[in-house]
Every structure is written in C-alpha cells, then in structure tokens.
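Each chain, written out:
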Amino acid sequence: MTRSMHERMVAGEQYIADDPEISERQAAGQELMEAYNATSVRDRDERSRLLRQLLGSIGEDTAIRPPFYVDYGANITIGARTFANYGLMALDVATITIGDDVQIGPNVQLLTPTHPLEPGPRRDKWESAQPIVIEDNVWLGGGVIVLPGVTIGANTVVGSGAVVTRDLPPNVLAVGNPARVIRELT
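Residues numbered from 1 in each chain as written. Predicted model: local features only at pLDDT ≥ 70, side-chain atom pairs only at ≥ 80, totals over all residues. Heavy atoms only, no water.

Asks: Pulling in residues and values, what's your account of unusual backbone geometry?
Replies: In this structure, the amide linkage connecting Pro-66 to the following residue, Pro-67, adopts the cis form with an omega of 5°. Of the consecutive residues Asn-177 and Pro-178, the connecting peptide bond is found in the cis state with omega at 0°. The backbone of Asp-61 sits at a positive phi, close to 60°, despite the residue not being glycine. Non-glycine residue Asp-101 carries a positive phi angle of around 60°. Tracing the backbone through its elements, the reader meets Asp-101 in the loop between β8 (96–98) and β9 (103–104). (Helix = DSSP H or I, 4+ residues; strand = E, 2+ residues; numbered from the N terminus.)

Asks: I'd like to hear about the sheet that holds strand β3 (residues 63–64), residue by residue, with values.
Replies: In spatial order, the strands read β3-β6-β9-β14-β17-β19-β20; together these seven strands make up an open sheet with mixed pairing. Across the chains shown, the open sheet's two edge strands, defined by having one partner strand only, are β3 and β20 (180–184). Here two bridges tie strand β6 (residues 83–84) to β9, and the two strands are oriented parallel to one another. Bridging across to β9, Ala-84 finds its partner in Ile-104. (Pairing = 2+ DSSP bridges.)

Asks: Can you tell me about the pairing of strand β7 (residues 88–91), naming the residues and giving the values?
Replies: Burial of the side chains of β7 is restricted to one face: Leu-88 and Ala-90 are buried, whereas none of Met-89 and Leu-91 on the reverse face is. Strand direction decides the pairing type here: strand β4 (residues 68–70) and β7, joined by three bridges, are parallel. Looking across to β7, one finds that Phe-68 is bridged to Leu-88. Two elements, β7 and strand β10 (residues 109–111), share three bridges in a ladder whose sense is parallel. (Buried < 20%, exposed > 50% of the residue type's maximum accessible area, 1.4 Å probe, protein only.)

Asks: Lay out the packing of helix α2 (residues 20–37) against helix α3 (residues 44–54) with the relevant residues and their values.
Replies: At a minimum axis separation of 10 Å, α2 and α3 run at an interaxial angle of 165°. Our classification of the angle between α2 and α3 gives roughly antiparallel. Relative to α3, the crossing made by α2 is left-handed. Judged by residue contacts, Gly-29, Leu-32, Met-33, Ala-35 and Tyr-36 of α2 engage Arg-47, Leu-50, Leu-51, Gln-53 and Leu-54 from α3. Of the residues belonging to the contact of α2 with α3, the class tally is seven nonpolar, two polar and one charged. (Axes fitted to C-alpha atoms, helices over the stretch in contact; angles between N-to-C directions. Parallel < 35°, antiparallel > 145°, perpendicular 65-115°, else oblique. Left-handed = near helix turned anticlockwise from the far one by under 90°. Contact = heavy atoms within 4.5 Å. Nonpolar A, V, L, I, M, F, W, Y, C, P; charged D, E, K, R; others polar.)

Asks: Which residues make up the packing of aromatic side chains, and what values do they have?
Replies: Scanning all chains against the criterion turns up one aromatic pair. Ring plane angle 80° and centroid distance 6.4 Å describe the contact between Tyr-36 and Phe-68, whose orientation is recorded as edge-to-face. Taken together, the positions of Tyr-36 in helix α2 and Phe-68 in strand β4 put the pair 32 residues apart, joining distant regions of the chain. Side by side, Tyr-36 and Phe-68 carry an identical accessibility label, which is buried. Positioned above the aromatic ring of Tyr-36 is the side chain of Arg-47, whose terminal nitrogen or guanidinium carbon lies 5.8 Å from the ring centre. (Phe/Tyr/Trp six-rings, centres within 6.5 Å; stacked < 30°, edge-to-face > 60°. Lys NZ or Arg CZ within 6 Å of the ring centre and 35° of its normal.)

Asks: Please set out the sheet that holds β8 residue by residue, giving values where relevant.
Replies: Read from one edge of the open sheet, five strands run β2-β5-β8-β13-β16, paired in parallel fashion. Only two strands of the sheet have a single neighbouring strand rather than two, namely β2 (57–58) and β16 (151–152). Relative to β8, strand β5 (residues 76–78) runs parallel, the two being bridged by three bridges. Note that in β8 the partner of Ile-76 across the bridge is Ile-96.

The following block contains the structure:
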C-alpha cells in the first residue's frame, strides 16, 4: 500500500512539499494563524479559541504574543504556563513539543524541516523533517534558532542569538553558534 505524501511527512520520511493534500492542510493552518495574528490584544477569548483550533494542544495560562508563524499548527503541542514573546516562528512539518513553564524570547525560530544536500532531489521539491522537543522550564533567549531533531532538556537556558544544532542536556546554560554548554545550573 502506497502512503500519501502527508503520511510520509508525518513519519519523518522524504515527501514532496507541494503535494495538494499537504498544501491544503498548510493553507488551513495558515488561515487560523492569520486570524490569530489579526486579533486585538483585548480579545483574549478569541485568541484562546483560535489557538485551541490552530494547535495540536495548548495548556492552561499559556500566552503567545502575535505575530506567531507556523506551517500547520496542528503539529505543535504546548504545555501550561508557557510564554512566547513576539515573532515566534514554529515550522511544524514534524512535531514540536513545548513543555510547561517555558519562556520563549522574541524572534525565536523552531525549524523542523530539512532538505536534501543533493541538488536533484532538492530541485524536485523533496524534503523531510525531524521533531523538536523543548522540555519543561526552558528559557530560550531572543533570536534563538533551534534546528531539526533537537531536544533541549528541562531547566536549560539558551542565550540570545544561539543556534542550537544538537541536543542540550537538562540544567545547563548554553550560548553561541553553534550553541555550547558553558556551565551547569543548580
């Protein structure tokens, strides 16, 4: 039995990015994203309703300041009491899991898509993705970029502007490009 491009995408396999089913799912998510980004700061009920529709799940007392950018939205789960400042870009081709009590600075990028290095498949629009996991009580400083397949352990702090290219353990401070652990946190 041949799997659809969407099934391949969700499984982390290579898929064609402009497949009609994938494009439709992306358009539906982006319509909700646009509606969310157009809401008034005073309309908390509408913002909450739209986030519950857009995301796979969202915990109590979680706030995301617009603008908020996603590919699909449905592949993102966010725990309770998490705060994301302006300009979060969460490209959720693969799953993005954000825990409880996470602090996300402005203009953070969570990037799950990846592309072939070979020019032919890349020209033919093949791509794949790897999940991102941000565990509980992580703080991502402004402008942090998290690359595909990365897990950031609980209680870890990632300094502003860092590019996280590989997993970070719990309870550390990491900075730089690529992000490197500079000390443990107690």
